[in-house]
Amino acid sequence: MDRVQELRIGYLTNPLGYDCPQPTFSWIVSSNRTGAVQTEYQIVVQAAGQTIWDSGLVPSSDTHWISYNGPAIRPETRYSVEVRSWNGDAAYLPATAFWETGPDSWVGRWISGQLAGGPRTAAPVPRLKKTFNVDEDFKTARLYVACLGVYDAMVNGQTVGNWKLSPGWTHFAKRVRYQAIDITEALVLGENILEFDLGDGWYCGHVEWRGRQLYGDRPKLLCQLSLDWDLLLASNEDWVHSYGPTLEADLIMGEAYDARQKFENWQPVKVWEAPEGLEILSAEGPPTVVSETLEPVSVTELPAWPKAKFIVDFGQNLVGHLQTQLTAPEGTTLTARFGEVLDSKGALYTANLRSAKQTDYYTFSGVGEENWETKFTFHGFRYVELAGLDKKPDMASLRAKVVHSDTRRVGHFRCSDQLINRLVENIDWGWRGNSLDVPTDCPQRDERLGWTGDAQVFIRTATYLREVDGFFAKYVQDLADAQEPNGCIPPTAPNTNAVGGEGGPAWSDAFIICPWQLYRAYGDLGILRRHYPAFKRFIDYLATTAENHIRVYEGFEGFRGFGDWLSIKAETPHELIGTAYYVYSVELMAKIAAALGESNDEARYTELHAAIRDAFIQKFVKADGTVATGSQTSQVLALHFNLVPEELRPTAVQKLVDDIETRDWHLSTGFVGSSYLPYVLSDNGRMDVAYKLLHQKTWPSWLYAVTQGATTIWERWDGWTDESGFQDPGMNSFNHYAYGAIGEWLFSRVAGIELDEATPGFQRFVLRPMPSETLDWIECEFESPHGLIRSNWKRNDAELEWEISVP
């Protein structure tokens, strides 16, 4: 049936508390008829049953990012939108959606409990409470919540809102997001109780290794409740608070809960002045949710004194928390420690966690079966060590809750090689675990930061796997908030100053690369327009700090950048990496200027790009095609960013192949070179070598970790080996996503679903699969912004049979 579907407002579906002054509308036109396209559309927006904007009949095939162009959007108003579409004289079934705006102003006060922890010590979790009456019938009830910290909201004893760890992590000195919650069904006529538990979260809990309280000393709440858009109550000095069972709750260290404790001795809350300069904004990206629940595959007893310990294996390295349903005598304390791998004796391996405890405690009340799961922490784990129980727990009493930003899976890749299939799933699991409101580098140790270098190499893979436009749009805002007055970008966002100064080559360049890739993948011109002045400041910073167009970077305490992070026995000059990325960022800046119609800037950046390219060639490219040290990453960056004269490209490619062959068909690239390496090979006539690297099973290679039973991507190629055991525990995550950037190449070259550079957002695309005799078949499907694309092929009697389906 022909229909309009998947109608979104901005990045969201039917959002509450959405305050964009000029919303955009996007949809997909679905038809069973071959070649059917949209030729015209009409958008009608209503409020209170009255049409406030009618686009009229618009002759266009555009279906994404169509801007509202009606009267000013009003606060606390519900808007409905209907999109109608035609293919010539044939009409599609229309789609409808809605959004609601948030409050005109915040009339409440910031409130908190009276206790605060210290730089290393958490305080108990406060519960803030307000009792109130509802005297008359109402149609809608909306609860608006902003929090410095994280919160769990309850109405009459029941949690409201289906997300976790809200409102997430932003630069709390500049902005905090709020949520709008529909509590219509939760309220009753007469007396009601509104309660909030406040966790430390990113605001005052551990975020990295330097301790707590990077932004403030305790969590704080601001809220207000409206019935039929009329204010009923707000947070103020009339609220009370108490401390109860949750004795501590920290994202990195864990959570402690004593079920014997009760909420008693209610006292007035502490009231705070509104933080100066803090913006309270609606959330435009996806919330963090529990996406699925896993059952354990085994529970193993490890004898220990005075009681046994039990190792619970969930069969999958994941990010989330534990849920238990157990009975035990009053005062029994269950200790749950979390880890990704086991040591040679079958015990939990935790050395790689550094100072992160990743430990939860539950003390039993002794009353019946007790159901417990944490609220305000998350762990990276496959295994849980349980201690303190008198008997082995039944597997049915244990569950793992998987937690990450709510991004829909849109891409699937399968082929005749089961190791590659597992690799693709490892890439997705690793990304899910590291996309918890920000793109973290790892979810288990004391460093759960939004590292920029990891994000920029992986973003294209993320767009093939999941619907991440809203997620990364939020991250680009984090990058903009982290920008220094001189234009430089730090290595993490939101920035904690854990590593001072600029992020350096390939890390700070994420500020240009990530929004450009969002524009390419989704056609989101708005993100380029919104941050264009900040992009220009960053490019100006690079230009003023370069020496004769060579990016010579020395940052905080002599820091020269991360280089080709975790490369294997290969040296790539930092100045080469810096200048290559300088060329690339300026090239993208010229393209951004062109997309925005900034012709003068386009000409200026095009000229600058040519000058930097010439300087790179003169300094680093030799007459025999060797680039600088001749490392794989040196050759790859020069070739991929078109920094080798055309006549030298064949020899430069051969130098790369020769280095790979001397390493017995292994790569040596780190975070920087690995994502581009297969492209340079496949796009320069050496797909045979690219497939050799893809199928390589000994380290360093993409499949080595898979052969070792990995279920996520490792930080290091050699995180564990037969020869050396575990790598340096100071930097050895078993859930990192950067090396998962190979996923982009699998979709775009092996399956052949590649974006047409001239038309962003997959309005048009190029199908150019590059099959190999090493694979008998592939099945790939990708739900692009404009519909489902399938590219399947199989080998039959040495002939290739193709099945291609396009929207």
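Throughout this description, residue numbers start from 1 for each chain and increase along the sequence as written. Side-chain atom pairs in this predicted model are given and counted only at pLDDT of 80 or more, local residue features only at pLDDT of at least 70, and totals for whole chains, interfaces and linings cover all residues. Side-chain calculation: all heavy atoms of the structure are included, whereas hydrogens and water are not.

### With respect to the overall build of the chain
Rules: Each helix corresponds to a stretch of at least 4 residues labelled H or I by DSSP, and each strand to a stretch of at least 2 residues labelled E; elements are numbered beginning at the N terminus. Radius of gyration here uses only the C-alpha atoms, and the compact-globule reference equals 2.2 Å multiplied by the residue count raised to the power 0.38. Between buried and exposed lies partly exposed: a residue is buried under 20% and exposed over 50% of the maximum accessible area for its type, with that area taken using a 1.4 Å probe on protein chains only. Contacts are assigned to residue pairs with any non-hydrogen atoms lying within 4.5 Å of each other. In this description, accessible areas are obtained by the Shrake-Rupley approach with a 1.4 Å probe, and a residue is regarded as covered only by the protein chains that are shown. This count recognises Lys and Arg as positive and Asp and Glu as negative, with His and chain-terminal groups excluded. A single reference atom marks each charge: NZ on Lys, CZ on Arg, CG on Asp, CD on Glu.
If you tally the helices and strands in the chain, you get 15 helices and 44 strands. Compactness check: the chain gives a C-alpha radius of gyration of 27 Å against a globular reference of 28 Å for 807 residues, within 12% of the reference. Reported as C-alpha extents along the three principal axes, the dimensions of the chain are approximately 80 × 75 × 60 Å. Looking at the chain as a whole, 61% of its 807 residues are labelled buried. If you take every contact in the chain between residues at least 6 apart in sequence, the share linking residues at least 24 apart comes to 74%. When the accessible surface of the chain is split by element, carbon and sulfur atoms take 47% of a total near 30,400 Å². Each charge sign in the chain was given a centre, from 72 positive and 107 negative side chains, and these centres are 2 Å apart.

### Focus: a nonpolar patch on the surface
The condition that has to hold: Candidates for patches are residues over 30% relative accessible area with no salt bridge; among them, like charges are joined within 9 Å and nonpolar side chains (Val, Leu, Ile, Met, Phe, Trp, Tyr) within 5 Å. Any Lys or Arg side-chain nitrogen found within 4 Å of a carboxyl oxygen on Asp or Glu counts as a salt bridge.
On the surface, Trp802, Ile804 and Val806 cluster together into a nonpolar patch covering about 280 Å² of accessible area. Along the chain, the position of isoleucine 804 falls in strand 44 (residues 799-805).

### Regarding the sheet that holds strand 1 (residues 3-9)
One key point about sheets: their strands pair by backbone hydrogen bonds, in either a parallel or an antiparallel sense. Which entries qualify depends on this criterion: Strand pairing follows a simple DSSP-based rule, namely that at least 2 bridges must link the two strands.
Strand order in the open sheet formed by three strands is 1-2-6, with antiparallel pairing between adjacent strands. In this open sheet, the two edge strands, each paired with only one partner strand, are strand 1 and strand 6 (66-67). Examined bridge by bridge, strand 1 and strand 2 (residues 24-30) share five bridges and lie antiparallel to one another. By the bridge assignment for strand 2, glutamine 5 is matched with isoleucine 28.

### With respect to the packing of aromatic side chains
To be explicit about the condition: Side-chain rings of Phe, Tyr and Trp (the six-membered ring for Trp) are treated as a pair once their centres are within 6.5 Å; stacked means planes under 30 degrees apart, edge-to-face means over 60, and tilted covers the remaining angles. Two conditions define a charge located above a ring, namely a distance within 6 Å from the ring centre to NZ of Lys or CZ of Arg, and an angle within 35 degrees of the ring normal.
Under the criterion given, the structure shown has 49 aromatic pairs. Ring plane angle 5° and centroid distance 5.7 Å describe the contact between tyrosine 257 and tyrosine 362, whose orientation is recorded as stacked. In this pair, tyrosine 257 sits in strand 21 (residues 254-258) while tyrosine 362 sits in strand 31 (residues 359-363), placing the two residues 105 residues apart along the sequence. Within the aromatic cluster, the residues linked to one another by ring pairs are Trp431, Phe458, Phe471, Phe472, Tyr475 and Tyr737. Positioned above the aromatic ring of phenylalanine 98 is the side chain of arginine 78, whose terminal nitrogen or guanidinium carbon lies 3.8 Å from the ring centre. Positioned above the aromatic ring of phenylalanine 378 is the side chain of arginine 448, whose terminal nitrogen or guanidinium carbon lies 4.9 Å from the ring centre.

### Structural notes on the sheet that holds strand 44
Test applied: To get an axis, a line is fitted to the C-alpha atoms, and for a helix only the part in contact is used. The angle between two axes follows their N-to-C directions and goes from 0 to 180 degrees.
Read from one edge to the other, the open sheet built from four strands follows the order 35-42-43-44, with strand pairing classed as antiparallel. Each edge of the open sheet is held by one strand with a lone partner, namely strand 35 (411-415) and strand 44. With strand direction ignored, the average angle separating the axes of adjacent strands in the sheet is 5°. Where strand 43 (residues 787-796) meets strand 44, seven bridges bridge the pair, whose relative direction is antiparallel. Considered in strand 44, the bridge of asparagine 796 is made with glutamate 799. Strands strand 35, strand 42 (777-784) and strand 43 of the sheet are contacted by helix 15 (residues 742-750), whose axis makes an angle of about 75° with strand 35.

### Side note on the state of the cysteines
Put simply, the test is: By definition, disulfides here are pairs of cysteine sulfur atoms that lie within 2.5 Å.
Considering all chains together, one arrives at zero disulfides under this definition. Between cysteine 204, a cysteine without a disulfide, and cysteine 147, which holds the nearest cysteine sulfur, the sulfur-to-sulfur distance is 8.9 Å. For cysteine 204, a relative accessible area of 0% gives the class buried. As a non-bridged cysteine, cysteine 514 has cysteine 488 as the owner of its nearest cysteine sulfur, 17 Å distant.

### Observations regarding the environment of valine 657
Counting through the fold element by element, valine 657 comes out in helix 10 (residues 649-662). Separated by 32 residues in sequence, valine 657 and valine 689 have C-alpha atoms that sit 7.4 Å apart. If we ignore the near neighbours within four places in the chain, the residues touching valine 657 are Trp665, Leu681, Arg686 and Val689.

### What about the pairing of strand 26 (residues 298-302)?
Here strand 26 runs beside strand 27 (residues 309-326); their pairing, made up of five bridges, is antiparallel. The partner of leucine 302 across the bridge, within strand 27, is lysine 309. Connecting strand 26 to the next strand, strand 27, in antiparallel fashion are six residues.

### Some remarks on the packing of helix 6 (residues 525-545) against helix 8 (residues 599-620)
Two quantities define a packed helix pair, namely the angle between the helix axes and the distance between the axes. Definition in use: Should an angle lie under 35 degrees it is considered roughly parallel, over 145 roughly antiparallel, and from 65 to 115 roughly perpendicular; all remaining angles are considered oblique. For a crossing to be left-handed, the near helix must be turned anticlockwise from the far one by less than a right angle; the clockwise case is right-handed.
For the pair helix 6 and helix 8, interaxial distance at closest approach is 13 Å and the crossing angle is 25°. As the angle between them shows, helix 6 and helix 8 are arranged roughly parallel. Here helix 6 and helix 8 pass one another in a crossing that is left-handed. Judged by residue contacts, Tyr532, Lys536, Ile539 and Asp540 of helix 6 engage Asp601, Arg604, Tyr605 and Leu608 from helix 8.

### Describing helix 9 (residues 632-640)
With eight of nine residues buried, helix 9 is to be regarded as a mostly interior element. Those residues of helix 9 lying buried are Gln632, Thr633, Ser634, Gln635, Val636, Leu637, Ala638 and Leu639. Elements in contact with the buried residues of helix 9: helix 7 (574-595), helix 8, helix 10, helix 11 (671-674) and helix 12 (677-682).

### A look at the side chain of serine 166
Here is the rule we go by: The definition of a polar contact used here is a pair of N or O atoms within 3.5 Å, where within protein one atom must be able to donate a hydrogen and the other to accept one, and adjacent residues in sequence count solely through side-chain atom pairs.
Take serine 166: it is sitting in the loop between strand 14 (158-160) and strand 15 (175-182). A residue is classified by how much of its surface remains accessible, and serine 166, at 5% relative accessible area, is buried. Only 3.1 Å separates the side chain of serine 166 from the side chain of tryptophan 163, close enough to count as a polar contact. When near neighbours in sequence (up to four residues on either side) are disregarded, serine 166 contacts Gly149, Val150, Tyr151 and Gln179.

That is the geometry; function is a separate question.
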